[in-house]
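# What the coordinates show
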Amino acid sequence: MALDRWIALAFVTLCCVYGYAAFFTMDDQLPRILQRNPVWPSTFPKMLTILGVVVGLIVLFTPKPNAEGKPAKDGAIDLTRLGDYHIGQAIGLLVLMVAYALTLRPLGFLGSTVGFLVLGAALLGERRFHILIPVALIATGSIWYLVQEVLGIFLRPWPGIFM
């Protein structure tokens, strides 16, 4: 079986485990008064589970055509050319994600998210910083406003020093 199919199988398995938690364990802890609501805290995880399983099964069972338009033989990903796949950028993004998670409290949501977006885009090759920085600021500010003010969920925008 090809590498992409193994990854799809692992993704479907992960979605099934996540779906089990969403469908069977999350709603048991709700108070009885909240169990009558049409939208529960597990509604979005249930939708993600269904979508993830569908997408994973599509990737798992769809035949991949080769350059001539015929279905490709099994094992279409060439592991001998692994250096052509920008592994350094992928590992850099993973390290950047961990750094983002670790800097959320010390730098606050706004600082760490803007830093993550700008550094991540620069890592992927974006060099128009005069466009990148305003877009990152607007996107981060919009998300913070929606979460904090519209949804009413406290999200510390600044480092603890400034609060």
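Figured I'd write up the structure that's included with this text. Sequence order as written defines residue numbering, which begins from 1 separately in each chain. Totals for whole chains, interfaces and linings use all residues, but because this is a predicted model, local features are given only for residues with pLDDT of at least 70 and pairs of side-chain atoms are given and counted only at 80 or more. The basis for every side-chain value is the complete set of non-hydrogen atoms in the structure, without hydrogens or water.

## Some points on the packing of aromatic side chains
Two measures describe an aromatic ring pair: the distance that separates the ring centres and the angle between the ring planes. For clarity, the cut-off: Aromatic pairs are defined between Phe, Tyr and Trp rings, using the six-membered ring for Trp, whenever the two ring centres lie within 6.5 Å; interplanar angles under 30 degrees are classed as stacked, those over 60 as edge-to-face, and all others as tilted.
The final tally for this structure, using the stated rule, is two aromatic pairs. Centre to centre, the rings of Y100 and F116 are 5.1 Å apart; their planes meet at 35°, and the pair counts as tilted.

## Re the packing of helix α3 (residues 87–123) against helix α4 (residues 129–150)
This is how the line gets drawn: Axis definition: a line fitted to C-alpha atoms, over the contacting stretch in the case of helices. Angles run 0 to 180 degrees between N-to-C directions. Strands here are runs of E lasting at least two residues and helices are runs of H or I lasting at least four, both read from the DSSP assignment and numbered beginning at the N terminus. With the far helix as reference, a near helix turned anticlockwise by less than a right angle produces a left-handed crossing, and one turned clockwise produces a right-handed crossing. Two residues form a contact once any of their heavy atoms are found within 4.5 Å.
Running from N to C, α3 and α4 point in directions that differ by 145°, and their axes come no closer than 9 Å. Of the two possible hands of crossing, α3 and α4 adopt the one that is right-handed. Packed against α3, whose contacting residues are F109, L110, T113, V114, L117, V118, A121 and A122, the element α4 presents F129, L132, I133, A136, L137, T140, G141, I143 and W144 at the interface.

## With respect to the side chain of Q148
Put simply, the test is: Here a polar contact is recorded for every N or O atom pair within 3.5 Å, except that within protein the pair must consist of a potential hydrogen donor and a potential acceptor, and residues adjacent in sequence are included only if both atoms are side-chain atoms.
With respect to the helices and strands, Q148 occurs in helix α4. A polar contact of 2.8 Å, which involves the side chain of Q148, links it to the backbone nitrogen of L155. In this structure, Q148 is in contact with I153, F154 and L155, ignoring residues within four places of it in sequence.

## So, the nonpolar core
Quick reminder of the rule: What makes a nonpolar core is a set of buried Ala, Val, Leu, Ile, Met, Phe, Trp, Tyr and Cys residues whose side-chain atoms join them at distances within 4.5 Å. Three labels apply to residues, based on accessible area from a 1.4 Å probe with only protein chains included: buried if under 20% of the type maximum, exposed if over 50%, partly exposed otherwise in between.
If you look at the biggest cluster of nonpolar residues, it comprises five residues: V114, V118, A121, L132 and A136. When contributions to this core are tallied by element, the ones reaching two or more residues are α3 and α4. Broken down by element, the residue count for this core peaks at three residues, all from α3. Apart from residues lying up to four places away in sequence, V114 is in contact with A136, L137 and T140.

## Points about α3
Using the following cut-off: Expected span of a helix: the number of residues minus one, times 1.5 Å.
Between its terminal C-alpha atoms α3 stretches only 12 Å, short of the 54 Å expected from 37 residues at 1.5 Å a residue. Every buried residue of α3 is listed here: L96, Y100, G108, F109, L110, S112, T113, V114, V118, G120, A121 and A122. Where α3 is buried, its residues contact α4. In the segment just after α3, G125 is the residue with positive phi, at about 115°.

## Examining the packing of helix α1 (residues 3–25) against helix α2 (residues 43–61)
Short version of the rule: Any angle between 65 and 115 degrees counts as roughly perpendicular, while under 35 counts as roughly parallel, over 145 as roughly antiparallel, and the rest as oblique.
Relative to each other, α1 and α2 sit at 160°, their axes nearing to 8 Å. The pairing of α1 with α2 is recorded here as roughly antiparallel in orientation. Crossing angle aside, the handedness with which α1 passes α2 is left-handed. Where α1 approaches α2, its residues D4, R5, A8, L9, F11, V12, C15, C16, Y18, G19, A22 and F23 are matched on the opposing element by P45, K46, L48, T49, I50, G52, V53, G56, L57, V59, L60 and F61.

## A closer look at the pattern of salt bridges
To be explicit about the condition: By convention in these notes, a salt bridge is any Lys or Arg side-chain nitrogen within 4 Å of a carboxyl oxygen on Asp or Glu.
Applying the stated criterion across every chain, the model contains one salt bridge. For R128, the salt bridge identified is with E126, shortest N-O distance 3.0 Å.

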